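Observations on the model geometry
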Amino acid sequence: MLSTSKNYPIPATLNIAIIIAQLSALTGVFIGASVAETWWQLLLLWAAMAVLGNSIYSIIHEAEHRLLHPRPLVNDGLGVVMALFFPAPFHLIRQGHLGHHMRNRSDDEAFDLYFEGEYPVLKWLQLYGIITGVYWLSVVLANVVVVVAPFLLRKKLWEYDRPSAALMESLNPRYWWMIRLEGAAAIALHALIVWAFQIPLINYAIVYFGFGFSWSAMQYVHHFNTQRDVLLGARNLWFLAPIDWIWLHHNWHLSHHKHPTVPWIYLPSVGKEEDPHREFLPWHYLKMWRGPRPATNRVQNKYAGKIIR
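Reference entry: report on the structure contained in this document. (Residues numbered from 1 in each chain as written. Predicted model: local features only at pLDDT ≥ 70, side-chain atom pairs only at ≥ 80, totals over all residues. Heavy atoms only, no water.)

**Concerning the overall build of the chain**
Across its full length, the chain carries 13 helices and four strands. What you see for the chain is a C-alpha radius of gyration of 19 Å, in line with the 19 Å of a compact globule of 309 residues. With respect to the principal axes defined by its C-alpha atoms, the chain has extents near 55 × 45 × 40 Å. Burial analysis of the chain (309 residues in total) assigns 52% to the buried set. When contacts within the chain are restricted to residue pairs at least 6 apart in sequence, those whose partners lie at least 24 apart make up 76%. About 14,700 Å² of surface is accessible on the chain, with carbon and sulfur atoms providing 68% of the total. (Helix = DSSP H or I, 4+ residues; strand = E, 2+ residues; numbered from the N terminus. Rg over C-alpha atoms; globule rule 2.2 N^0.38 Å. Buried < 20%, exposed > 50% of the residue type's maximum accessible area, 1.4 Å probe, protein only. Contact = heavy atoms within 4.5 Å. Areas by Shrake-Rupley, 256 points an atom, 1.4 Å probe, with all protein chains shown as cover.)

Structure follows, in structure tokens:
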């Protein structure tokens, strides 16, 4: 049974305080990247960005579900701003994420499986792209695509790949003008960051990929080899307690899929009440390296063709 927002009010003041802390910490990372000269300094900044960037994404994730602030305009405005640091167009990744909640573990989104008539090599490339950071790079590249070549996101160009075609089919054309503006703003902001902080491009790339690799690696770890069910096809994981808090309990992922209207702060109590069992995140990440496997059990997407509102 899905929980209602009346039972779990949005912690708006806390969320805004977290955003301020995140942006302050991000400024510190940029300053560090501008002066780092040794490999160990870059490695520390890489690790810091891995933790901080996923915390920022967790805030974006709350905005995607309209759980960041009770006023929709404020919620979306904050989501747009924070997504610029991903960097990605908020209204594009929001549609992708909400679509994920509709397609989860169906044939339209099962990267750990391949079926008759599909290309196994493509599934291997997709899964290994997810766990090595290539997926994040593709999202970042989307900023350029939506600005200069938006026609590349037409469904007919992706019909060779079922998950990509399903994503393109769910995109709502009413958001295209916003997506293009947000993509241009993301490109401009990061050019400004590099210029204003005088960050060497190699330092910028190394440090930011700390976030990109870790974010991408976690995008399927909660779903790999889980039940083929749109709500139950996820698992609750744990890493280190302080980091789980910094990541706004994002690892209570099964609880989130079962209760997508519940803000992050309540997920541990909801999850512990239903099923306190959690497993170690790095262990499941390592399991993903075994790659996709053949499957015959087909699960249709009940929401195929539905446009994101």
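And the narrative resumes.
**Remarks on helix α3 (residues 72-83)**
Its twelve residues give α3 an end-to-end C-alpha distance of 16 Å, which sits within 8% of 16 Å, the value for a rise of 1.5 Å per residue. Considering only its buried residues, α3 is in contact with α1 (12-35), α2 (39-64) and α4 (90-103). (Expected span 1.5 Å × (residues − 1).)

**Re α2**
Compared with an ideal rise of 1.5 Å per residue, which puts 26 residues at 38 Å, α2 spans 36 Å between its outermost C-alpha atoms and is within 8% of the ideal. Of the residues flanking the end of α2, it is R66, one or two places downstream, whose phi is positive at about 60 degrees.

**Looking at the packing of α4 against helix α7 (residues 162-170)**
Think of two packed helices as two axes; the pair is described by the angle between the axes and how far apart they sit. Between α4 and α7, the least distance of the axes is 10 Å, while the angle of their chain directions is 120 degrees. As for the relative orientation of α4 and α7, their crossing is right-handed in sense. Touching Q95, G96 and R103 of α4 are A166, L167 and S170, all from α7. (Axes fitted to C-alpha atoms, helices over the stretch in contact; angles between N-to-C directions. Left-handed = near helix turned anticlockwise from the far one by under 90°.)

**Some thoughts on the nonpolar core**
Core analysis: the largest hydrophobic core is formed by 39 residues, its most contacted members being I60, F86, Y208 and F211. For this core, the secondary-structure elements that each account for two or more residues are α1, α2, α3, α4, α6 (134-148), α8 (176-196) and α9 (201-218). By residue number, the principal contributor to this core is α2, which donates nine residues. Contacts of I60, omitting those with residues within four sequence positions, involve M82, A83, F86, F90 and I93. Among the nonpolar cores identified, the runner-up in size contains 19 residues, and F111, F115, L127 and Y285 belong to it. (Core = buried A, V, L, I, M, F, W, Y, C linked by side-chain atoms within 4.5 Å.)

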